[in-house]
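One-letter residues, chain by chain:
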Amino acid sequence: MDPDPTTEVVADKQLEEHVKRATEELVKLFEEKTSMLDKLVTAYWREMVDVKSELDLKTLEGIDKEEKHRETIARYQRKIDDLQRKLEKSEEAVRERDEEIKRLKAPSSSTS
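Residues numbered from 1 in each chain as written. Predicted model: local features only at pLDDT ≥ 70, side-chain atom pairs only at ≥ 80, totals over all residues. Heavy atoms only, no water.

Visitor: Would you explain the overall build of the protein in this entry?
Guide: A count of helical and extended segments in the protein gives one helix and zero strands. Against the globule reference of 13 Å for 112 residues, the protein gives a C-alpha radius of gyration of 47 Å, more extended than a compact globule. Here the protein holds 112 residues, and 0% of them are scored as buried. Put simply, the protein shows about 10900 Å² of open surface, and 59% of that area lies on carbon and sulfur atoms. (Helix = DSSP H or I, 4+ residues; strand = E, 2+ residues; numbered from the N terminus. Rg over C-alpha atoms; globule rule 2.2 N^0.38 Å. Buried < 20%, exposed > 50% of the residue type's maximum accessible area, 1.4 Å probe, protein only. Areas by Shrake-Rupley, 256 points an atom, 1.4 Å probe, with all protein chains shown as cover.)

Next up, the structure:
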C-alpha cells in the first residue's frame, strides 16, 4: 500500500499551518513578555531616577544646613573671641587697679 500523495500534501499543509500559527503565538507571547519586561525596566529606571533626585535634593539641603551651621559656629566663635578679648582687658584693668591699691596702701619709704 502506497501512501496517497494527496493525503501527504494535505497533511504537510496542515502541519505547515500549525507550525505557522504556533510560531505566531510564540512571537506574540514573546513580544508581550518582553513588553512587560520593558515596562518593568522603565518603571525601575523611573523609580531610580526619582530616588536619585530625592537623594540629591536631600544632599543639597544637608549641604545648605551644614553651611548655615558653619556660619552659625563662626558667628558664635567671633562673639567668643570678642568676649575673650574683653575679659583679658578687664583682667588687666583689675590687676592694674590691685597694683595701684597695693602701692597706695604701702607705707611710703619717704616718710620714715
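Okay, back to it.
Visitor: Honestly, the packing of aromatic side chains in this entry has me stumped. Any pointers?
Guide: For any pair of aromatic rings, the description rests on two quantities: the centre-to-centre distance and the angle between the ring planes. Overall, the coordinates contain zero aromatic pairs when judged by the stated rule. Across the ring face of Tyr-76, the terminal group of Arg-75 is positioned such that the distance to the ring centre comes to 5.6 Å. (Phe/Tyr/Trp six-rings, centres within 6.5 Å; stacked < 30°, edge-to-face > 60°. Lys NZ or Arg CZ within 6 Å of the ring centre and 35° of its normal.)

Visitor: Hey, could you run me through a nonpolar patch on the surface in this one?
Guide: Together, Leu-37, Leu-40, Val-41, Tyr-44, Trp-45, Met-48 and Val-49 give the surface a local cluster of nonpolar side chains, amounting to about 710 Å² of exposed area. Locating Leu-40 in the fold gives a position in helix α1 (residues 5-105). For Leu-40, a relative accessible area of 39% corresponds to the partly exposed category. (Patch = residues over 30% accessible without salt bridge, like charges linked within 9 Å, V, L, I, M, F, W, Y side chains within 5 Å. Salt bridge = Lys/Arg side-chain N within 4 Å of Asp/Glu carboxyl O.)

Visitor: I tried to follow the pattern of salt bridges on my own but got confused; where do I start?
Guide: Note that side chains of opposite charge can pair when their charged atoms are close. Taken as a whole and judged by the stated rule, the model has eight salt bridges. For Lys-68, the salt bridge goes to Asp-64, with nearest N and O atoms at 3.6 Å. In this pair, Lys-68 and Asp-64 both sit in helix α1, four residues apart, roughly one turn of the helix. Taking the relative accessible area as the measure of exposure, Lys-68 reaches 49% and is therefore partly exposed.

Purely spatial values, then, with no claim about function.
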